[in-house]
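Breakdown of the fold
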Amino acid sequence: RTDHAERSVTAAEATAARAELQDDRLQAESAKRMSACTAELDEQRRLASDIEARLAKEEQHAGRYQQDGTRKSALGAELAEVRTLAAELRGAEATLATQLVA
């Protein structure tokens, strides 16, 4: 019985040692994978940051274009008003010229 118990203990110890070795391997593999995932995540964050920066730049340009469009519309309205005033002045000038001749 003692022999059998010693063999059982020895077998259990060997099984525990193999399990511990397997656990160490799994932890090392997990650490490698975690490191690779962390590196990939960092790269994805960098790419996302670059894209956000480009998007902000594009939105800034779009805002400028929109402001330019608004400015062009305002200038167009002002030009139409100046043309109307010029036409009125030409009409007034023609009326004055007619009155001076008469």
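Before any of the text, the structure's been laid out above.
Below: a short report on this structure. Because the structure is predicted, anything quoted here is derived from the model rather than measured.

With that settled, the discussion passes to the overall build of the protein chain. Across its full length, the protein chain holds one helix and zero strands. Across its three principal axes, the protein chain shows a C-alpha extent of roughly 145 × 15 × 5 Å. Within the protein chain, the proportion of its 102 residues that are buried is 0%. Of the accessible surface of the protein chain, which amounts to about 9300 Å², a share of 58% is contributed by carbon and sulfur atoms. For the protein chain, the centre of its 15 positive side-chain charges and the centre of its 19 negative side-chain charges are spaced 4 Å apart.

Before going further, it helps to spend a moment on the environment of Asp23. With respect to the secondary-structure elements, Asp23 resides in helix 1 (residues 2–101). As a C-alpha pair, Asp23 and Ala97 span 74 residues in sequence and 108 Å in three-dimensional space.

As enumerated under the stated definition, the model contains three salt bridges in all. Glu29 is the salt-bridge partner of Arg33, the closest N and O atoms lying 3.3 Å from each other. You can see Arg33 and its partner Glu29 sitting in helix 1, four residues apart, about one turn around the helix. Judged by its relative accessible area of 56%, Arg33 is exposed. Judged by relative accessible area, Glu29 falls into the partly exposed class, the value being 35%. One salt-bridge network, in which partners are shared between bridges, spans Glu43, Arg46 and Asp50.

Calculation criteria
- Residues numbered from 1 in each chain as written.
- Predicted model: local features only at pLDDT ≥ 70, side-chain atom pairs only at ≥ 80, totals over all residues.
- Heavy atoms only, no water.
- Helix = DSSP H or I, 4+ residues; strand = E, 2+ residues; numbered from the N terminus.
- Buried < 20%, exposed > 50% of the residue type's maximum accessible area, 1.4 Å probe, protein only.
- Areas by Shrake-Rupley, 256 points an atom, 1.4 Å probe, with all protein chains shown as cover.
- Lys, Arg positive; Asp, Glu negative; His and termini not counted.
- Charge placed at Lys NZ, Arg CZ, Asp CG, Glu CD.
- Salt bridge = Lys/Arg side-chain N within 4 Å of Asp/Glu carboxyl O.

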